[in-house]
Amino acid sequence: MFALWYLTFAVDEIRKQDTMVDAAVLAKLEEGYAKLAASDSKSLLKKYLTKEVFDNLKNKVTPTFKSTLLDVIQSGLENHDSGVGIYAPDAEAYTVFADLFDPIIEDYHGGFKKTDKHPASDFGDVSTFGNVDPTKEYVISTRVRCGRSMQGYPFNPCLTEAQYKEMESKVSSTLSGLEGELKGKFYPLTGMEKAVQQQLIDDHFLFKEGDRFLQAANACRYWPSGRGIYHNDNKTFLVWCNEEDHLRIISMQQGGDLGEIYRRLVTAVNEIEKRVPFSHDDRLGFLTFCPTNLGTTIRASVHIKVPKLASNKAKLEEVAAKYNLQVRGTRGEHTEAEGGVYDISNKRRMGLTEYQAVKEMYDGITELIKLEKSL
């Protein structure tokens, strides 16, 4: 009887240790939470991390990688000016910390509830999109991108240096098999020549270390190991390896020919998927490091000059919101507009198909241009 009791006691103790959060981590969490609660932060993290949710989650860890609530929220605790403030250190975090992720996902993705299920992937008929600005008066450039995570690997904070290198090798060999207009070259960041680096910076292709939001989330470890960039010969197709997501697949060019840009992206994604299995969840769609990119992961954007609308930023924001568009500065998130040029994109990525996400942007931009012409 004693032996049975002792065995049960021992198993319980092991379980406790397995899920117990380190005292130093708990202290950091408590201190960070108190500062966030007292701040004037407008982040979704502050909005949804109530004391009740915080107390319920602070002792939890993910089963495989032992990620804690601190791993999830440390970027938002350090950067009170975050818009969102949370990242998923591994795929299991979306389940273990669902009490925080679910309301943030619902808020950001326009009502995608915890009972909702993301639809199956559908790129639709790529020929239905045309040029949003055939006269070239307003749209400077157009870009469509998506994020993908490689099956069997965690997200940035849990990756080892060996895994980074292994992933880079897989991505590099996969992309070297691309043909036609997608054919190009992979450039590892490690050992990159200065001239090549400068050229990629001049082309606005090269991502660089230093984003404080990602650094605070532990996404920049072992830099530049395992990071690289691929572009085709025409410089209209790019793949980033291990920046924020395992893969960022990007199609872009000058002007407003969304149809051509979207078609190129769809071709590329389908070709890469034949060779690299992607992480996908039945409810959340394609899994990514940041919850804003879940689902379709599609972000279709234009750099656009709308000086009349821009003179009344509130009006521009109002019209954009009506079409589920997001307005950012010229250089993207956390930047200002330069020379009246805005980066405008679809905001919703969940609860709709890839085709529908791009169509929201297409319809919204068409309407913005019509409005600008009428002012």
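Parameters and conventions
- Residues numbered from 1 in each chain as written.
- Predicted model: local features only at pLDDT ≥ 70, side-chain atom pairs only at ≥ 80, totals over all residues.
- Heavy atoms only, no water.
- Helix = DSSP H or I, 4+ residues; strand = E, 2+ residues; numbered from the N terminus.
- Buried < 20%, exposed > 50% of the residue type's maximum accessible area, 1.4 Å probe, protein only.
- Contact = heavy atoms within 4.5 Å.
- Core = buried A, V, L, I, M, F, W, Y, C linked by side-chain atoms within 4.5 Å.
- Axes fitted to C-alpha atoms, helices over the stretch in contact; angles between N-to-C directions.
- Left-handed = near helix turned anticlockwise from the far one by under 90°.
- Nonpolar A, V, L, I, M, F, W, Y, C, P; charged D, E, K, R; others polar.
- Phe/Tyr/Trp six-rings, centres within 6.5 Å; stacked < 30°, edge-to-face > 60°.
- Lys NZ or Arg CZ within 6 Å of the ring centre and 35° of its normal.
- Pairing = 2+ DSSP bridges.
- Domains from an automatic or database assignment.
- Buried area = accessible area lost by both parts, 1.4 Å probe.
- Salt bridge = Lys/Arg side-chain N within 4 Å of Asp/Glu carboxyl O.
- Polar contact = N/O pair within 3.5 Å; in protein donor to acceptor, adjacent residues only side chain to side chain.

Looking only at helices and strands, the protein chain has 14 helices and ten strands in total. Seen through its C-alpha atoms, the protein chain measures out along the principal axes to roughly 85 × 45 × 40 Å. For the protein chain, the proportion of its 375 residues judged to be buried stands at 51%. Within the protein chain, counting contacts between residues at least 6 apart in sequence, those at least 24 apart form 73% of the total.

Within the largest apolar cluster, 57 residues are counted, with the highest numbers of intra-cluster contacts made by Phe-237, Ile-249, Ile-272, Ile-304, Ile-344 and Ile-365. Here Ile-344 is in contact with Ala-300, Ser-301, Val-302, Ile-304, Leu-316, Leu-325, Gln-326, Val-327, Ile-365 and Leu-368, once residues within four sequence places are set aside. In terms of nonpolar packing, the next biggest core, distinct from the first, is built from 43 residues, Leu-44, Leu-45, Phe-101 and Leu-214 among them.

This part takes up unusual backbone geometry. Cis geometry marks the peptide bond from Trp-223 to Pro-224; its omega dihedral reads 0 degrees. Looking at the secondary structure, you find Pro-224 in the loop between α10 (212-216) and β3 (228-232). The residue Lys-66 is not glycine, and still its phi comes out positive at about 60 degrees. With respect to the element layout, Lys-66 can be found in the loop between α4 (51-57) and α5 (69-78). We classify Lys-66 as partly exposed; its relative accessible area is 35%.

Here we take up the packing of helix α2 (residues 23-38) against α5. At a minimum axis distance of 10 Å, the contact between α2 and α5 shows a crossing angle of 35 degrees. Two packed elements cross with a definite hand, and for α2 against α5 that hand is left-handed. Seen from α2, the contacting residues are Val-25, Lys-28, Leu-29, Gly-32, Tyr-33 and Leu-36; seen from α5, they are Leu-69, Leu-70, Ile-73, Gly-76 and Leu-77. Looking at the contact of α2 with α5, its residues break down into eight nonpolar, two polar and one charged.

Here we come to the environment of Lys-113. The residue Lys-113 is located in the loop between α7 (98-108) and β1 (139-148) in this model. Put simply, Lys-113 and Gly-351 are 238 residues apart on the chain and 9.1 Å apart in space, counted from C-alpha to C-alpha. In this structure Lys-113 touches Glu-106 and Arg-283, once residues within four positions along its chain are discounted.

Here we come to the packing of aromatic side chains. Inspection of every chain in the model, using the stated rule, returns nine aromatic pairs. Between Phe-129 and Tyr-262 the ring centres are 5.5 Å apart and the planes differ by 80 degrees, which places this aromatic pair in the edge-to-face class. Placement of the pair is Phe-129 in the loop between α7 and β1 and Tyr-262 in helix α11 (residues 258-273), with a sequence separation of 133 residues. The residues Phe-129 and Tyr-262 share a single accessibility class, namely buried. Among the aromatic residues, those joined into a ring-pair cluster are Phe-123, Phe-129, Tyr-262, Tyr-355 and Tyr-362. Of note, Arg-227 hangs over the ring of Tyr-164, and the distance from its end group to the ring centre comes to 4.0 Å. The ring of Tyr-108 is capped by Lys-347, whose NZ or CZ atom sits 4.9 Å from the centre of that ring.

Moving on: the pairing of strand β4 (residues 237-241). Strand residues, when the strand is regular, have side chains that alternate between the two faces of the sheet. Of all the five residues making up β4, five are buried; the element is thus mostly covered by neighbouring parts of the structure. Along β4, one buried face is formed by Phe-237, Val-239 and Cys-241 and the opposite face, lined by Leu-238 and Trp-240, is buried too. Both β3 and β4 contribute to a ladder of four bridges, which runs antiparallel. Looking at β4, one finds that Gly-228 is bridged to Cys-241. Here β4 pairs with strand β5 (residues 247-254) via five bridges, running antiparallel. In the sheet register, Leu-238 faces β5, and the bridge partner there is Ile-250. Linking two consecutive strands that pair antiparallel, namely β4 and β5, is a turn of five residues; a positive phi of about 60 degrees is found at Asn-242 within it.

The domain architecture assigned to the protein chain consists of domain 1 (1-109) and domain 2 (139-374). A C-alpha centroid distance of 28 Å is found between domain 1 and domain 2. Residue-level contacts link 21 residues of domain 1 with 25 residues of domain 2. Both sides together, the interface formed by domain 1 and domain 2 hides about 2100 Å², and carbon and sulfur atoms give 62% of it. When the area that domain 1 buries against domain 2 is broken down by residue, the three leading residues are Tyr-87, Tyr-108 and His-109, summing to 35%. Taken together, domain 1 and domain 2 are joined by two salt bridges. In this structure, the salt-bridge partner of Arg-283 is Asp-102, at a minimum N-O distance of 2.9 Å. Applying the counting criterion to the domain 1 and domain 2 interface returns nine residue pairs in polar contact (both at pLDDT 80 or more). Per-element tally for the side of domain 1 that touches domain 2: the top contributor is α7, with four residues. Split by residue class, the side of domain 1 that touches domain 2 holds eleven nonpolar, six polar and four charged.

Applying the stated criterion to the full structure yields 19 salt bridges. Of the charged contacts in the structure, one is a salt bridge between Lys-58 and Asp-55, with a shortest N-O distance of 3.3 Å. Note that Lys-274 is salt-bridged to Glu-271, the shortest N-O span being 2.8 Å. Overall, the relative accessible area of 63% leaves Lys-274 in the exposed class. For Glu-271, a relative accessible area of 23% translates into the label partly exposed. When salt bridges that share partners are traced, they join Glu-30, Lys-51, Asp-55 and Lys-58 into one network.

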